[in-house]
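Spelled out, the chains give:
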Amino acid sequence: MVPPGYDPTGRQKACGMAVTKEQVLACLQGINSPEGIPLPDTGTLSDVVATDGKVFFSISVDAAQVKAWEAVRERAEKAVRALPDVQSALVALTAERKAGAPSARTPPGPAPAGARPTPRGGGENLQGVPGVESIIAVASGKGGVGKSTTAVNLALGLASLGLRVGILDADIYGPSLPKLLAIKERPQTLGGTRLKPITRYGLTVMSIGFLIDEETPMIWRGPMVISALTQMLREVEWGALDVMVVDMPPGTGDAQLTMAQQVPLKGAVIVSTPQDLALIDARRGIAMFKRVNVPVLGVIENMSYFLCPHCGTRSDIFSHGGARHEAERLGVPFLGEVPLHMTIREKSDAGLPVVATEPDGPHAKIYRDIAARVRDQLKGGAGRAAPKIVIE
Ligand SMILES: Nc1ncnc2c1ncn2[C@@H]1O[C@H](COP(=O)(O)OP(=O)(O)OP(=O)(O)O)[C@@H](O)[C@H]1O
Ligand SMILES: [Mg+2]
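Conventions and cut-offs
- Residues numbered from 1 in each chain as written.
- Chains lettered and ligands numbered in written order.
- Predicted model: local features only at pLDDT ≥ 70, side-chain atom pairs only at ≥ 80, totals over all residues.
- Heavy atoms only, no water.
- Helix = DSSP H or I, 4+ residues; strand = E, 2+ residues; numbered from the N terminus.
- Buried < 20%, exposed > 50% of the residue type's maximum accessible area, 1.4 Å probe, protein only.
- Pairing = 2+ DSSP bridges.

*Asks:* Sorry if this is basic, but what is going on with unusual backbone geometry here?
*Replies:* For residues besides glycine, phi is generally negative; the peptide bonds are generally trans as well. In this structure, Ala 182 takes a positive phi of about 45° despite not being glycine. Among the structural elements, Ala 182 can be located in the loop between α4 (177–180) and β6 (189–190). Overall, Ala 182 belongs to the partly exposed group, its relative accessible area being 36%. If you check the backbone angles, Met 303 has positive phi at about 55° while not being a glycine. With respect to the secondary-structure elements, Met 303 resides in strand β12 (residues 296–307).

*Asks:* In this structure, what is going on with the pairing of strand β10 (residues 241–247)? I would like to understand it.
*Replies:* Regular strands show a simple pattern: their side chains alternate between the two faces of the sheet. With seven of seven residues buried, β10 lies mostly within the body of the structure. By the bridge criterion, six bridges tie strand β4 (residues 132–139) to β10 in an arrangement that is parallel. Note on β10: the bridge partner recorded for Ser 134 is Val 243.

*Asks:* Looking at this structure, I do not really get the pairing of strand β9 (residues 203–207). What am I missing?
*Replies:* In terms of residue burial, β9 counts as a mostly covered element, since five of its five residues are buried. Every second residue of β9 is oriented toward a common face, with Leu 203, Val 205 and Ser 207 on one face and Thr 204 and Met 206 on the other, all of them buried. With four bridges connecting them, strand β5 (residues 165–169) and β9 associate as parallel partners. Residue pairing for β9: Leu 168 is matched across the bridge by Met 206. Both strand β8 (residues 198–200) and β9 contribute to a ladder of three bridges, which runs antiparallel. Within the sheet, the bridge partner assigned to Thr 199 lies in β9 and is Thr 204. Count of turn residues in the β8/β9 antiparallel hairpin: two residues, of which Tyr 201 carries a positive phi of about 50°.

These figures come from the coordinates and say nothing about function on their own.
Set out below in structure tokens:
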């Protein structure tokens, strides 16, 4: 018989009270660093966030000590998970590089002339995610070009082709999937250790946004992102998937480059709008993947042309075609054009992506055609041989 106040697994039941930061810190007093110092006294802890039974924090250590600290991270996470009123706990171990010191976790600087590229091709040197056949990134150098909208509709397009598809929101600074897929529920924990992703429109979905409240201050900075991402890949029960689409944060800085290096990517899809400035950023995005030897599966031109919702007249307000030309110039496949259309925006922002909710409409067809090209790129072995890219 289950004693009162306990659930059938023997854990003390939540009593309606949420765990506090102070309780977490008190619990961590019982966990020692490799040098035997109680964790809260080591100066390695980030702010501890405890909202609604979800706890996270990170431990930042010198890159050279990461191995010794991994066991501490595990113990801390386990101890916090065992606290009453804790539904999930995520403890990230992050490596800080001392100025001037090389770090295993930091991306390589620009390769010196004649240097060999980073030994990393199509993710073959990285541990894959069990059960997941191909992981692809949807990226752009620039923010706001429609990456997340494209990632969601591309994932749905791939699913409509009969593939088992997951989507991971790697935009830890500004997660979009809770909104784009209208997901309000929190993921459940499985056996207290792994997270069960959410299923929506047939997609398996995970976002850091499911775990944090919008008001939570963004404690995720710099290298912390990497640990959080690694955990979202490895501690989530993704199940068997043909493709996992990763919605990347904007930009081509160190965080993005490191991510591109840490995730075993089969390829990257670059989203750009047609303007020159966006194209310059797209080129940076392509160059970034090139640096880590991830094949570019192709470029999508988003907001390619404007279709008037009233009369259907088309206007090329952003000088349409720029991304196609750029793709041709750089020797990467061009995957298709998505118009700037009110329906795409309204549906996307309402959590009702067009491919799922208007499957017979013209926009869904465009995304499905793009998805078919991405699938063909993956099938064609794009994950093994990088297409020729002629930029530096
Ligand atoms: N083809 C389109 N037609 C109309 N609106 C679009 C289209 N693509 C994206 N949008 C809208 O543009 C806005 C930005 O899109 P989205 O959030 O997908 O961009 P993003 O590149 O992921 O942005 P961020 O860099 O902030 O992550 C959203 O309001 C979205 O609905
Ligand atoms: Mg986005």
